[in-house]
Amino acid sequence: MAPVTVLGISCFYHDSAAAIARDGEIVAAAQEERFSRKKHDPRFPRQAINYCLEEAFVEPDELDAVVFYDDPVLSFDRVVKSLVAVAPRGADQWQKAGPSFLSIKLFVTDHVRRMLRVDVPVLHTRHHLSHAASAFYPSPFEDAAILTLDGVGEWATTSLAVGEGARIRTLKEIHYPHSLGLLYSAFTYFCGFKINSGEYKLMGLAPYGEARYVDRILDKLIYVRPDGSFRLDMDYFGYLDSQVVTNERFHALFEGPPRAPESRIGRREMDLAASIQRATEQVVLGLARHAREVTGKRQLCLAGGVALNCVANGVLLRERIFDELFIQPAAGDAGGALGAALAASHMHFGVPRAPRNPDGDDLRGSYLGPAFSSAEVQAFLDRHGYAYERVADRAERADRIASALQAGKVVGFFSGRMEFGPRALGARSILGDPRNPETQVLMNLKIKYRESFRPFAPSVLAERCAEYFDLDVESPYMLLVAPVRSERQKAAPPGAPPADGDIDLLAIVRQARSDVPAITHVDYSARVQTVRRDVQPDYHAVLDAFARRTGCPVVVNTSFNVRGEPIVCTPQDAYRCFMRTEMDMLVLEDCLLLKEMQKPLEDDGSWRQEYELD
Amino acid sequence: MSSTDDAARVRRFYEEHIAPAAARLAARGGSFFPLGPTPEPSWWVLPHEGAEFYRLENAQLEAALRERWRDVPELAALAPHLVELARSLEVQSEDDGEISPFVYVMY
């Protein structure tokens, strides 16, 4: 019997993406932004689709179906009913967004066929089913409770489902406008960060603050029932009837107008960040307790944008409500493409789900994007005359990289298939020495071109994770925050600015908090990635070599990009980013490039204008 | 026809169709969702009914909207006009791809 090949797509809202599955096995997945070089690109993912088709060696007319991750009729139902509910307010929103919804989003089938130039069957499914499927099907669990939480998809903002074998049943939902994701986004905006990209910053800001507003949030903004369900008081929000997510009443509740973007962050923003983080954790715990009670399952799968809140995930893990967690690394809308492909494969086409592997999931480290062979890399370098040295032996190459890191160098590391999801996991990463107190500042100012109050994230050899972090499970996708072990922690030096004053955040972040200061947050936490040899052997070899040289099995891992730029995809992207920053070494597969051996890029002086700041 | 014309027509549609429908609904006390807490012990709801996977061809759109709004005559009456408007609009260019930093994109 011919295999069932399904292409999933997500687009037109945030982070468009494509994914392809053959007989329920994930072949490829990628976000459009990596190809278009436009961060969070919501447009039709034509380049991501092309890549997926190439990776699967199929033509569009060989697809059994293209599955769109959302139900446009149900989404349009919400749009129209929201308009009617707030009329005569909301006319401006409608005028601005109506044309694109009416002309494109209602005609997804036509759009897909026009783009693919083939009369392929186009299916629509539900947004939160796509999220649920993206987490459950690749998980190592035969059955599990599934929670999805995001801003909104059609009407649902939260869903509770149960997965058993090849089947997912959605049990209940919480509906728009009551949304934990939108509540968090309201605070993101109010604190001066961009919605849909600044949530990480707000989460990173939280440890500096005191949660003195949490009661106000839980008394006025969000009401929570004992069964975890919640409602927002829409009197405080603007997203139903204006183009801004908060309103004057919200501003009055929190003592003034929103912080202007890029202005100084004050005590209020720190405390608001801490407060909404605490409130979010409480709501997530309530939902999880209810999910456990209702489903009786011992495992939980999580997806939806809120599942990218790795601090809340860490709290959920430590509460032990469930025995095990699996979180989809592409938890946002991009992951909906993958979920749509998998859901249709199993639930529509009846493809059986393969037996689970208790030792790992089906995501293969989330390395689901394009790879470039050594021959392709060499051809690129030779064509442009870029100086490089090929070091084919993995161990020798890893030792050369480790030596550079030990010497305080910053290394761009490009290896294997690109990650699917927002985190760089050692395929498109910039690496540094976490022991060096200067690494944080150096990498921020000379590589990322930002001043960040957030520390970098660590990658650690999975087998030595427990030496550094209080984390007794693997965290391959950097979705769990855990404390640095107490014996490694350092008190703030005498005379150092206190973490709870209205002072310069950068001064605080520069205080060494542990023997791996570049990755230790002010509250001694770290956003951990555990690295296994069998999943990413090249990256594991680098960490192993660094550990042999220094005794430390941890490196700094930050995404291979500059601020506002999507993570690099191709050798060209990587070389350009390498040359535009003060990175010292670039690793392109088995080719090593040193900065001092390169000629400056010509006519590249205005590159910073290419990227809007995030 | 330019996108500016389209925006004006969409605005006019709001004024001529949506706002009056809203007024009719309000007059009979209809509402679609609560705007805050209500006394029920739980705020979980059942998922919307309907197939988990379905095909939606261009020609089926009006019927799909009518079906969705079968209990709301004010909206069901809008369906043919909305579809006519939708079909008449220039397909919006995707070239921009800009996302407002201030709005969670939910339209």
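Above this text you will find the structure in question.
Residues numbered from 1 in each chain as written. Chains lettered and ligands numbered in written order. Predicted model: local features only at pLDDT ≥ 70, side-chain atom pairs only at ≥ 80, totals over all residues.

1. Things to note about the overall build of chain A
Part 1 of the argument: Helix and strand content of chain A: 19 helices and 21 strands.
Part 2 of the argument: Relative to the compact-globule value of 25 Å for 614 residues, chain A shows a C-alpha radius of gyration of 23 Å, a close match.
Part 3 of the argument: Principal-axis analysis of the C-alpha atoms places the extent of chain A at approximately 65 × 65 × 50 Å.
Part 4 of the argument: Residue pairs at least 24 apart in sequence account for 74% of intrachain contacts in chain A once pairs closer than 6 positions are excluded. (Helix = DSSP H or I, 4+ residues; strand = E, 2+ residues; numbered from the N terminus. Rg over C-alpha atoms; globule rule 2.2 N^0.38 Å. Contact = placed C-beta atoms within 7 Å.)

2. Remarks on the overall build of chain B
Part 1 of the argument: Helix and strand counts for chain B come out as four helices and zero strands.
Part 2 of the argument: Each helix (α) and strand (β) of chain B, taken in turn from the N terminus, gives the series α-α-α-α.
Part 3 of the argument: For chain B, with 107 residues in total, the buried portion stands at 27%. (Buried ≥ 20, exposed ≤ 12 C-beta atoms within 10 Å, placed from the backbone.)

3. Observations concerning the sheet that holds strand S2 (residues 17-22) of chain A
All names here are of chain A.
Part 1 of the argument: Taken in spatial order, the five strands line up as S3-S2-S1-S4-S5 in an open sheet, and their pairing is mixed. Looking at which strands have only one partner, the edges of the open sheet turn out to be strand S3 (25-31) and strand S5 (122-124). Taking each pair of neighbouring strands and ignoring which way they run, the sheet shows an average axis angle of 20 degrees.
Part 2 of the argument: Two strands pair when backbone bridges link them, and S2 and S3 are joined in this way by six bridges, in the antiparallel orientation. If you follow Ala18 over to S3, its bridge partner there is Ala30.
Part 3 of the argument: Relative to S5, helix H5 (residues 108-116) is tilted by about 145 degrees, and along the sheet it contacts strand S4 (65-68) and S5. (Pairing = 2+ DSSP bridges. Axes fitted to C-alpha atoms, helices over the stretch in contact; angles between N-to-C directions.)

4. Observations regarding the packing of helix H11 (residues 267-295) of chain A against helix H12 (residues 310-319) of chain A
Geometry of a packed helix pair, given as the angle between the helix axes and the separation of the axes.
Residue and element names in this part refer to chain A.
Part 1 of the argument: H12 packs onto H11 with a crossing angle of 45 degrees between their chain directions and a minimal axis gap of 9 Å. Our classification of the angle between H11 and H12 gives oblique. In the crossing of H11 with H12, the sense of the turn from one axis to the other is right-handed. Judged by residue contacts, Gln277, Thr280, Glu281, Val284, Leu285 and Ala288 of H11 engage Val311, Ala312, Val315, Leu316 and Glu319 from H12.
Part 2 of the argument: Grouping the constituent residues of the contact of H11 with H12 by class yields seven nonpolar, two polar and two charged. (Parallel < 35°, antiparallel > 145°, perpendicular 65-115°, else oblique. Left-handed = near helix turned anticlockwise from the far one by under 90°. Nonpolar A, V, L, I, M, F, W, Y, C, P; charged D, E, K, R; others polar.)

5. Focus on the environment of A:His131
Part 1 of the argument: One can find A:His131 in helix H6 (residues 127-136).
Part 2 of the argument: With residues near it in sequence (within four places) discarded, A:His131 still touches A:Thr148, A:Asp150, A:Ala303, A:Gly304, A:Gly335, A:Gly336 and A:Gly339.

6. Quick look at the interface of chain A and chain B
Part 1 of the argument: Contacts between the two partners involve 74 residues from chain A, matched on the other side by 54 residues from chain B.
Part 2 of the argument: Looking at the side of chain A that touches chain B residue by residue, the class counts come to 41 nonpolar, 18 polar and 15 charged.

7. Overview of the packing of helix H2 (residues 61-68) of chain B against helix H4 (residues 79-88) of chain B
Residue and element names in this part refer to chain B.
Part 1 of the argument: Across the interface, H2 lies against H4 with an axial gap of 9 Å and an inter-helix angle of 145 degrees. Crossing angle aside, the handedness with which H2 passes H4 is right-handed. Judged by residue contacts, Leu61, Glu62, Leu65 and Arg66 of H2 engage Ala79, Pro80, Leu82 and Val83 from H4.

8. A few points about the pairing of strand S19 (residues 554-559) of chain A
Residue and element names in this part refer to chain A.
Part 1 of the argument: Among the six residues of S19, six are classified as buried, and the element is accordingly described as predominantly covered.
Part 2 of the argument: Here S19 shows no split at all, with Val554, Val556 and Thr558 on one side and Val555, Asn557 and Ser559 on the other all buried.
Part 3 of the argument: Note that strand S15 (residues 428-432) and S19 share four bridges and pair antiparallel. Bridge pairing in S19 places Ile430 opposite Thr558.
Part 4 of the argument: Both strand S16 (residues 457-461) and S19 contribute to a ladder of four bridges, which runs antiparallel. Within the sheet, the bridge partner assigned to Ser459 lies in S19 and is Val555.

9. Some remarks on the sheet that holds strand S12 (residues 324-327) of chain A
Two strands in a sheet stick together by hydrogen bonds in their backbones, pointing the same way (parallel) or opposite ways (antiparallel).
Residues and elements named next belong to chain A.
Part 1 of the argument: Reading across from one edge, S8-S7-S6-S11-S12 is the order of the five strands in this open sheet, with mixed pairing throughout. The sheet is open, and its two borders are formed by strand S8 (167-175) and S12, each paired with just one other strand. Taking the axes of each pair of neighbouring strands and ignoring which way they run, one obtains an average angle of 20 degrees across the sheet.
Part 2 of the argument: Sitting on the sheet, helix H7 (residues 180-190) touches strand S6 (143-153) and strand S7 (156-164), and the angle it makes with S6 is about 45 degrees.

10. Looking at unusual backbone geometry
Residues and elements named next belong to chain A.
Part 1 of the argument: Omega for the peptide link from Ala87 to Pro88 comes to 10 degrees, which places this bond in the cis form.
Part 2 of the argument: Positionally, Pro88 belongs in the loop between helix H3 (72-86) and helix H4 (91-103).
Part 3 of the argument: Between Tyr176 and the following residue, Pro177, the backbone shows a cis peptide bond with an omega angle of 10 degrees.
Part 4 of the argument: Here Pro177 shows up in the loop between S8 and H7.
Part 5 of the argument: In this model, Arg364 sits at a positive phi of 50 degrees, which is unusual for a non-glycine residue.
Part 6 of the argument: Since 14 C-beta atoms lie within 10 Å of it, Arg364 is described here as partly exposed.

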